[in-house]
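In case you want the letters, here they are:
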Amino acid sequence: IEVMDMLDRLYAKFDAIARKHDIFKVETIGDAYMAVANLVKQQSNHAERIGMFALEAVRTANELAIKEDRPELGCVNIRVGFHSGPVVSSVVGNMNPRFCLFGDTVNTSSRMESNSEKNKIHLSEDSADLLVQQAPTVQLNCRGLISIKGKGDMKTYWLEGFAVASH
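Treat the numbers as computed from the prediction; the structure is a model and nothing was measured. All chains use their own residue numbering, which begins from 1 and follows the written sequence. The predicted origin of the model limits local features to residues at a pLDDT of at least 70 and limits the giving and counting of side-chain atom pairs to 80 or more, whereas totals for whole chains, interfaces and linings rest on all residues. By convention in this description, side-chain values take in all heavy atoms of the structure and omit both hydrogens and water.

(A) Structural context of the overall build of the protein chain. Of regular secondary structure, the protein chain possesses four helices and eight strands. It is over C-alpha atoms that the radius of gyration is taken, and the globule rule equals 2.2 Å times the number of residues to the power 0.38. The C-alpha radius of gyration of the protein chain comes to 16 Å, within 12% of the 15 Å expected for a compact globule of 167 residues. Along the longest, intermediate and shortest principal axes, the C-alpha atoms of the protein chain span 45 × 45 × 35 Å. When each of the 167 residues of the protein chain is scored for burial, the buried share is 39%. Secondary structure elements are taken from DSSP: a helix is a run of H or I of four residues or more, a strand is a run of E of two residues or more, and numbering for both begins at the N terminus. Each residue is assigned to one of three classes by its accessible area relative to the maximum for its type, calculated with a 1.4 Å probe on protein chains only: buried under 20%, partly exposed between the two thresholds, exposed over 50%.

So this is what it looks like as structure tokens:
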């Protein structure tokens, strides 16, 4: 019940961040929160939106107490991963229908998350390229080639933030 309470508090905050950045929340599965941009409407800056959402999600998690009445337990740590590409969407099932996304993009995003590190945002080269195009002030660090299950070696990046443009 304590884990459920913490996840409920965390996901409520993530939902508010998703609304702020106009991100579509697909689903939560256990401790995983899946969100996308450029799915239900055209968003020319979709990678930037996801990047901003991810940065704010990490900051928010790091400020959320694991247990509200036990601050000595510390705050939540998360891993984030994202990839950009095409997906197929559908509502599946008829007893408890669910909106789902399918395809290699979903799988690669999941691999970016599982190969990420505590409080880091791990992204594919495809997403890094889009971020640089959409948000030239993006701050990325190349992680180099890493072995990704089912994909082989991939060049990946850490999203560090966005520099404030001086006028």
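(B) How the structure looks around the packing of helix H2 (residues 46-63) against helix H4 (residues 125-134). At a closest axis distance of 8 Å, the pairing of H2 and H4 adopts a crossing angle of 100°. What the angle tells us is that H2 and H4 run roughly perpendicular. Contacts between H2 and H4 involve His46, Ala47 and Glu48 on the former and, on the latter, Leu130, Leu131 and Gln134. Every axis corresponds to a line fitted to the C-alpha atoms, with the helix fit spanning only the stretch in contact, and the corresponding angles, defined between N-to-C directions, vary from 0 to 180 degrees. What sets the label is the angle itself: under 35 degrees gives roughly parallel, over 145 gives roughly antiparallel, 65 to 115 gives roughly perpendicular, and the rest give oblique. By definition, residues are in contact when any of their heavy atoms lie within 4.5 Å.

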